[in-house]
Amino acid sequence: MKVLKNILVSLVMTVSMAAVSTTAFAAPKGEAEVKAAIENTITSITAAQEASKSGDLSGVSKAIGEARQAQKEFRFEGTERQRQKANDKLRTAREAFETGDTAAGDAGLAEALKSFTEMKAVYDASHK
């Protein structure tokens, strides 16, 4: 009985160590989601710029909406205030396109793209 107890304790310890070690060495799930969010935001802004060049104002509005939704998932303390300001630029650009002021809308998209690209660089530098 004593031998069986020792085997059982050893087995439980081995299983628990294996479970802890796999979760400790696994890639953080949150980092992948944050990285995907910033990349989706940049892609959507680029799509909005392309739609603007082609004159597709409904496509611009849709792409800006997608960018604004994607940026919500990009949470990084070091760039939070910059993210809020860039989101305001996206909102302003969308309003400009809706009123027909494509020049102001294009300028807002360019500023937002620059800002989100800078945020991505800061995030990437701190998560190597």
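What counts and what doesn't
- Residues numbered from 1 in each chain as written.
- Predicted model: local features only at pLDDT ≥ 70, side-chain atom pairs only at ≥ 80, totals over all residues.
- Heavy atoms only, no water.
- pLDDT = per-residue confidence, 0-100.
- Helix = DSSP H or I, 4+ residues; strand = E, 2+ residues; numbered from the N terminus.
- Phe/Tyr/Trp six-rings, centres within 6.5 Å; stacked < 30°, edge-to-face > 60°.
- Buried < 20%, exposed > 50% of the residue type's maximum accessible area, 1.4 Å probe, protein only.
- Expected span 1.5 Å × (residues − 1).
- Salt bridge = Lys/Arg side-chain N within 4 Å of Asp/Glu carboxyl O.

**What about the confidence of the model for the protein chain?**
Averaged over all residues, the pLDDT of the protein chain equals 86, while 84% of them reach at least 70. Per-element confidence in the protein chain ranges from a low mean pLDDT of 66 for helix 1 (residues 2–25) to a high of 94 for helix 4 (residues 80–99).

**Let's talk about the packing of aromatic side chains**
The relation between two aromatic rings is expressed through the spacing of the ring centres and the mutual angle of the planes. As enumerated under the stated definition, the model contains 2 aromatic pairs in all. The interplanar angle of 90° and the centroid separation of 5.2 Å between the aromatic rings of Phe76 and Tyr123 together place this pair among those described as edge-to-face. Residue Phe76 is located in the loop between helix 3 (57–71) and helix 4, and its partner Tyr123 is located in helix 5 (residues 102–126); the two are separated by 47 residues in the primary sequence. Using a relative accessible area of 18% as the deciding quantity, one classes Phe76 as buried. Linked through ring pairs, Phe74, Phe76 and Tyr123 together constitute an aromatic cluster.

**Regarding helix 3**
Counted at 1.5 Å a residue, the expected span for helix 3 with its 15 residues is 21 Å, and the 21 Å between its end C-alpha atoms agrees. Here helix 3 has its buried residues at Gly59, Val60, Ser61, Ala63, Ile64, Gly65, Ala67, Ala70 and Gln71.

**Considerations on the pattern of salt bridges**
Taken as a whole and assessed by the stated rule, the structure comprises 7 salt bridges. With its nearest N and O atoms 3.9 Å apart, the salt bridge here joins Glu98 to Arg94. Within this pair, Glu98 and its partner Arg94 are both found in helix 4, separated by 4 residues, close to a single helical turn. On the basis of relative accessible area, Glu98 is assigned to the exposed category, the value being 56%. Here Lys120 ties to Asp124 by a salt bridge, and the two come within 2.8 Å at their closest N and O atoms. Here Lys120 and its partner Asp124 are both found in helix 5, 4 residues apart, which amounts to about one turn of the helix. Its relative accessible area of 22% is what places Asp124 among the partly exposed residues. Here the salt bridges do not stand alone but share partners, grouping Lys35, Glu39, Lys120 and Asp124 into one network.

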